[in-house]
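# Working through the structure, step by step
Listed below, chain by chain, are the residues.
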Amino acid sequence: MKLGMNTFFINMFDFEEGLQFCQEQGVKAVEVAAGGPGAVKYCDVDRLLADQGELERWLDIYAGYGLEIYSFAGHGTPLVPDRRIAQDYSRQFRKTCALMEKIGCTRLALVAGLPEGAEGDSLPAWIINTDLPFLRDALEWQWEQRLLPYWKEHGRIAADHGVTLCFEEKINNITGSPKGLRY
């Protein structure tokens, strides 16, 4: 067994200071956060994809602290009704998968997201009770019209890069619990 850490949790440190902190704590493996503004400090996906020398230097720094990159994290808001935010997430997702393929990392931890409750809504809707028919209908719409089409497409993208998607069950996420997987 290896002690691991997500770089999101060491974001208060500068890059190498955070890796040194991990090393001092006995961490042997890291899950590299690769999406969102805080991720750039530990994984500037655009820069790493654009410059092979920079990518090799980046990998050497992690290895120099005795840290294995065992997975990436692609947390964000993939199904949010704000199309600009959702498109940015999709772009980050695609680039993260390309980077992962390049370095041979195969696991991407992420959340499925939370869509609007009905077409045209401007806010996400987390439906936790389907006792009432209109709530059941809304949840079915979320799954059939938003979640399944999105993740079928993005699942193919991940598979094309040899990446396995590892969905986390979290609150404010359509797959917030095993029970939520049934609608």
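Residues numbered from 1 in each chain as written. Predicted model: local features only at pLDDT ≥ 70, side-chain atom pairs only at ≥ 80, totals over all residues. Heavy atoms only, no water.

## As for the packing of aromatic side chains
- According to the stated counting rule, one finds nine aromatic pairs in the structure shown.
- Ring geometry for Phe 15 versus Tyr 62: centroids 5.6 Å apart, planes at 70 degrees, classification edge-to-face. Of this pair, Phe 15 sits in helix 1 (residues 15-25) while Tyr 62 sits in helix 3 (residues 52-64), and the two are 47 residues apart along the sequence. Accessibility assignment for this pair places Phe 15 and Tyr 62 in one class, buried.
- Seen in terms of ring centroids, Phe 93 and Trp 151 are 5.7 Å apart; in terms of plane orientation they differ by 75 degrees. Their pairing is edge-to-face. Highlighted residues: Phe 93 in helix 4 (residues 83-103) and Trp 151 in helix 5 (residues 133-160), separated in sequence by 58 residues.
- A relative accessible area of 9% places Trp 151 in the buried class.
- Among the aromatic side chains, those forming a connected cluster through ring pairs are Tyr 89, Phe 93, Tyr 150, Trp 151 and Phe 167. (Phe/Tyr/Trp six-rings, centres within 6.5 Å; stacked < 30°, edge-to-face > 60°. Helix = DSSP H or I, 4+ residues; strand = E, 2+ residues; numbered from the N terminus. Buried < 20%, exposed > 50% of the residue type's maximum accessible area, 1.4 Å probe, protein only.)

## A word on the environment of Arg 146
- By secondary structure assignment, the location of Arg 146 is in helix 5.
- Judged by its relative accessible area of 13%, Arg 146 falls in the buried class.
- Between the C-alpha atom of Arg 146 and that of Leu 114, which follows or precedes it by 32 residues, the distance is 9.2 Å.
- In terms of polar contacts, Arg 146 uses its side chain to reach the side chain of Glu 116, at 3.1 Å. (Polar contact = N/O pair within 3.5 Å; in protein donor to acceptor, adjacent residues only side chain to side chain.)

## A few points about empty space enclosed by the protein
- The full count for this structure, using the stated rule, is one cavity of 30 Å³ or more.
- Quantified by volume, the largest cavity comes out at close to 50 Å³.
- For the largest cavity, the full set of lining residues is Ala 34, Gly 35, Gly 74, His 75, Tyr 89, Gln 92, Phe 93, Thr 96 and Leu 108.
- Looking at side-chain class alone, the lining of the largest cavity contains four nonpolar, five polar and no charged residues. (1 Å grid on protein atoms, 1.4 Å probe; cavity = no way out; pocket = protein on both sides within 12 Å on 5 of 7 lines; lining within 4 Å. Points joined across faces, edges and corners; volume = space filled by probe spheres on them. Nonpolar A, V, L, I, M, F, W, Y, C, P; charged D, E, K, R; others polar.)

Everything listed here is a matter of geometry and, on its own, says nothing about what the molecule does.
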